[in-house]
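# Fold and contact review
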Amino acid sequence: MSELSVAEFLKTRRSAKVSTLQEPGPNASQLQEILEIGTRVPDHGKYCPWYFIVLQDAARRQAGNLLRQAYAAENPDSAEAKLELESERFLRAPLVIAVVSRVREGKHPQWEQILSAGAVCYNICLAANAHGFGTNWLSEWYSFSPTFKSLLGVDAQDHFAGFLYIGTQSEKNEERERPDLSNLVTFWDGQSQLKTGETCGMPGTGYPLAQWSAKI
Ligand SMILES: Cc1cc2nc3c(=O)[nH]c(=O)nc-3n(C[C@H](O)[C@H](O)[C@H](O)COP(=O)(O)O)c2cc1C
């Protein structure tokens, strides 16, 4: 990693498959630095519109029991094997950091505060990568579960920006296709139609827009 230039690193970075994240995770001083770098993001108005919940060691199992409870409450007919599987999600990596977005009172737009939480997630991933660890930024069902949020002690008004899974990567993820910039970039001249990326990505795989507002 250290021999790569920042640009080379950014050009080749990829998320790790969560199944490839193994021990060891970051030690205490690495974690401290990863979190410090995580907070070094643009934050218009200096609200710190985010906070962190660190799951390590036995806390992952303990929080996993809350996943089980939340899943069972929201899916009452679930088989025991499925509940067991859900309870083990945080055990997939040595370290899981939940980044929580909290919009704070003030004159700056809420949207900017939410974007800042996304920047924190990405910065934490990059910081962990810079320390040689693999990362995966996941939401999964529990990010949107009011039951899990409440069991974990997170205010109903807050949102999980991401669960960042961090560990030593056992195998590198293959390259994936990247968007064609010609569909996304308009060199504005006041006349041409804007390129809005409609032909980018996999059409039809997102949520219908009406469901989006329900998700956030
Ligand atoms: C906000 C956010 C939430 C995500 N949630 C999930 C998820 O729940 N499940 C999943 O399989 N991937 C999820 N992903 C995608 C993974 O992070 C995925 O590994 C990543 O997009 C791969 O791209 P990369 O290699 O360029 O990082 C999410 C990504 C983002 C930005």
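Let me sum up the structure you'll find in this document. (Residues numbered from 1 in each chain as written. Predicted model: local features only at pLDDT ≥ 70, side-chain atom pairs only at ≥ 80, totals over all residues. Heavy atoms only, no water.)

## Focus on the overall build of the protein
Using the following cut-off: By the criteria applied, helices consist of DSSP H or I runs no shorter than four residues and strands consist of E runs no shorter than two, each listed in order from the N terminus. Accessible area is worked out with a 1.4 Å probe on protein chains only. A residue is then buried under 20% of its type maximum, exposed over 50%, and partly exposed in between. Where accessible areas are quoted, they stem from the Shrake-Rupley method and a 1.4 Å probe; at the residue level, only the protein chains shown are allowed to cover. The positive count covers Lys and Arg only, the negative count covers Asp and Glu only, and His and the chain ends enter neither. By convention, the point assigned to a charge is CZ for Arg, NZ for Lys, CD for Glu and CG for Asp.
Looking only at helices and strands, one finds seven helices and five strands in the protein. Listing each helix as α and each strand as β along the protein from the N terminus yields α-β-α-β-α-α-β-α-β-α-β-α. Within the protein, the proportion of its 216 residues that are buried is 35%. Summed over all atoms, the accessible surface of the protein reaches about 13,300 Å², with 55% contributed by carbon and sulfur. When the 21 basic and 25 acidic side-chain charges of the protein are each reduced to a single mean position, those positions are 2 Å apart.

## Notes on helix H5 (residues 110-130)
Put simply, the rule reads: Helices are assigned an expected span. That span is 1.5 Å times one less than the residue count.
Taking 1.5 Å of rise per residue, the 21 residues of H5 would be expected to cover 30 Å, and the 30 Å separating its terminal C-alpha atoms lies within 8% of that figure. Looking at H5, one finds that the buried residues are Gln113, Ser116, Ala117, Val120, Cys121, Asn123, Ile124, Cys125, Leu126, Ala127, Ala128 and Asn129.

## Regarding the site of the ligand
Test applied: Nearness is judged by heavy atoms alone; a residue qualifies as near a molecule or strand once a single heavy atom is within 4 Å of it. What qualifies as a polar contact is a pair of N or O atoms within 3.5 Å, subject to a donor-acceptor requirement within protein and to the restriction that residues adjacent in sequence count only when both atoms come from side chains. For this classification, the nonpolar set comprises Ala, Val, Leu, Ile, Met, Phe, Trp, Tyr, Cys and Pro, the charged set comprises Asp, Glu, Lys and Arg, and every other residue, Gly included, is treated as polar.
Around the ligand, the structure places Arg13, Arg14, Ser15, Asn136, Trp137, Leu138, Ser139, Glu140, Arg176 and Arg178. Between the ligand and Ser15, the relevant distance is 2.4 Å, taken from an oxygen atom to a side-chain nitrogen or oxygen of the residue. Here an oxygen atom of the ligand and a side-chain polar atom of Arg176 are 3.0 Å apart. Of the residues in the shell around the ligand, the class split is two nonpolar, three polar and five charged.

## Concerning the packing of aromatic side chains
Quick reminder of the rule: We call Phe, Tyr and Trp rings a pair once their centres come within 6.5 Å, taking the six-membered ring for Trp, and we label the pair stacked below 30 degrees between planes, edge-to-face above 60, and tilted otherwise.
In total, this model carries eleven aromatic pairs according to the counting rule given. When the ring of Phe90 is compared with that of Phe163, the centres are 5.7 Å apart and the planes differ by 20°; the resulting orientation is stacked. Of the two residues, Phe90 sits in the loop between helix H4 (80-87) and strand S3 (95-101) while Phe163 sits in strand S5 (residues 159-169), which places them 73 residues apart along the sequence. Residue Phe90 shares its accessibility class with Phe163, and that shared class is buried. Ring geometry for Phe160 against Phe163: centres 4.8 Å apart, planes inclined by 45°, an arrangement best described as tilted. Here Phe160 and Phe163 have matching classes, each one buried. One aromatic cluster is present, formed by Tyr71, Phe90, Trp141, Tyr142, Phe148, Phe160 and Phe163 through successive ring pairs.

## With respect to the state of the cysteines
Where we set the bar: The disulfide definition used here is simple: a pair of cysteine sulfur atoms within 2.5 Å.
Under the defined criterion, the tally for this structure stands at zero disulfides. There is no disulfide at Cys48, and the cysteine sulfur nearest it, in Cys121, is 15 Å away. No disulfide involves Cys121; its nearest neighbouring cysteine sulfur is the one of Cys125, lying 7.0 Å away. Given a relative accessible area of 0%, Cys121 falls into the buried group.

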